[in-house]
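# Fold and contact review
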Amino acid sequence: MTIGIVGGGAWGTALAQTMTGNDSDVRLWVREPEVIESINERHENAVYLPGVKLSEHVRATDDLAWVAEVSPVLVVTPAQHMRSVLSNMPGKGQALILCSKGIEAGSQKFLHHVAAETVSHSPIAVLSGPTFAHEVAQGLPTAVTLAAENMELAQELAAVIARPALRPYVSSDVVGAEIGGAVKNVLAIACGVVDGAGLGQNARAALIARGFAEMTRYGLARGAKAETLAGLSGLGDLVLTCSSTSSRNFSLGVALGRGGSADAIMADRKTVAEGAFTAPVLRESAEEAGVDMPVTQAVCALLDGADVGDVIDGLLNRPLREEGV
Ligand SMILES: NC(=O)C1=CN([C@@H]2O[C@H](COP(=O)(O)OP(=O)(O)OC[C@H]3O[C@@H](n4cnc5c(N)ncnc54)[C@H](O)[C@@H]3O)[C@@H](O)[C@H]2O)C=CC1
Ligand SMILES: O=C(CO)COP(=O)(O)O
């Protein structure tokens, strides 16, 4: 079988390599000519996933129409570029599996809404969970949530993408799967700040737990199911990303916690730290829904240049409250 992938960053490339595992061919749409050359000539994505040998069954291309001929197509662009990329993709009823994590700035739309608006007639699913690209590319065991409103579609797609070391769990909670992935990126920045500012392991655990409470409040207000938020795409990914400098979001937070400015830190990077883009959109969306998200607000303040000590004091000096709300 042939699988399409749109987006040749670390995650799109890792998924491409993994998908070849069932004797499948992969058509991978890549934006940068030098990355296409690196994948097709040297079987490595030297820019975004260096050091991983790719199968000859991965063919990189700049021809979106060629990728769109097959089904399913995994969509792995940065969240803020999904609309512009998909609006150039011919809709042929191919199933789309969205693997990006974020909320569209400006519209506050979740990515399955963005995809539905840009590619007509495509059934849509979301793949999300604790998945560092470099580990998946090495074939290390990984479990993900695969959500589609139509459970039969979710099961069908799960069978197509399952591999010996990639285990999808199906769900019909598309909104929940998206919210977990989007919100955890923001919380991972906060956990990185705790690390960078030397606040200790207790503070990090507190932040994970209170961050999860925040994710749950927001998720429930937006129609997610609690069990999805407590699953792989929510709590699972939150724990992963809040624990390791392998996370770009966590490492952005570490640099902020050491007193760096967001603009300067991100100017040096080619890779995407989605939480920096999600945080202000999430804050707006939460305010509209009447949901209190103090950690998200703190991350927004830090990204806007607030002093780390002041922001931490602000969080610690909030009125005492009941835990379960
Ligand atoms: N890297 C990882 O371990 C994982 C990443 N993700 C998600 O996958 C999505 C893609 O992230 P990565 O593959 O890690 O990207 P990356 O950080 O490795 O690479 C950046 C990507 O952005 C693309 N890009 C830059 N400017 C663009 C533009 N104007 N239009 C379209 N594309 C543009 C580049 O071509 C490249 O593919 C993100 O939403 C991320 O949260 C999800 C799970 C794991
Ligand atoms: O989403 C991820 C792991 O599940 C990757 O996290 P970062 O984008 O923070 O590197």
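Rules behind the numbers
- Residues numbered from 1 in each chain as written.
- Chains lettered and ligands numbered in written order.
- Predicted model: local features only at pLDDT ≥ 70, side-chain atom pairs only at ≥ 80, totals over all residues.
- Helix = DSSP H or I, 4+ residues; strand = E, 2+ residues; numbered from the N terminus.
- Rg over C-alpha atoms; globule rule 2.2 N^0.38 Å.
- Buried ≥ 20, exposed ≤ 12 C-beta atoms within 10 Å, placed from the backbone.
- Contact = placed C-beta atoms within 7 Å.
- Domains from an automatic or database assignment.

Here the focus is the overall build of the chain. Helix and strand counts for the chain come out as 16 helices and eight strands. For a compact globule of 325 residues, the expected C-alpha radius of gyration is about 20 Å, and the chain comes in at 19 Å, within 12% of that figure. Expressed as lengths along the three principal axes of its C-alpha atoms, the size of the chain is roughly 55 × 40 × 35 Å. By residue count, 49% of the 325 residues in the chain fall in the buried class. Once local pairs closer than 6 in sequence are excluded, the contacts in the chain between residues at least 24 apart make up 67%.

Attention now goes to the domain arrangement of the chain. Domain annotation for the chain reports domain 1 (2-172) and domain 2 (182-316). Each of domain 1 and domain 2 was reduced to a C-alpha centroid, and the two centroids are 25 Å apart. Of the residues lining the interface, 20 residues belong to domain 1; the matching set on domain 2 comes to 20 residues. Broken down by secondary-structure element, the contributors of at least two residues to the side of domain 1 that touches domain 2 are β7 (142-147) and β8 (166-171). The element contributing the most residues to the side of domain 1 that touches domain 2 is β7, with three residues.

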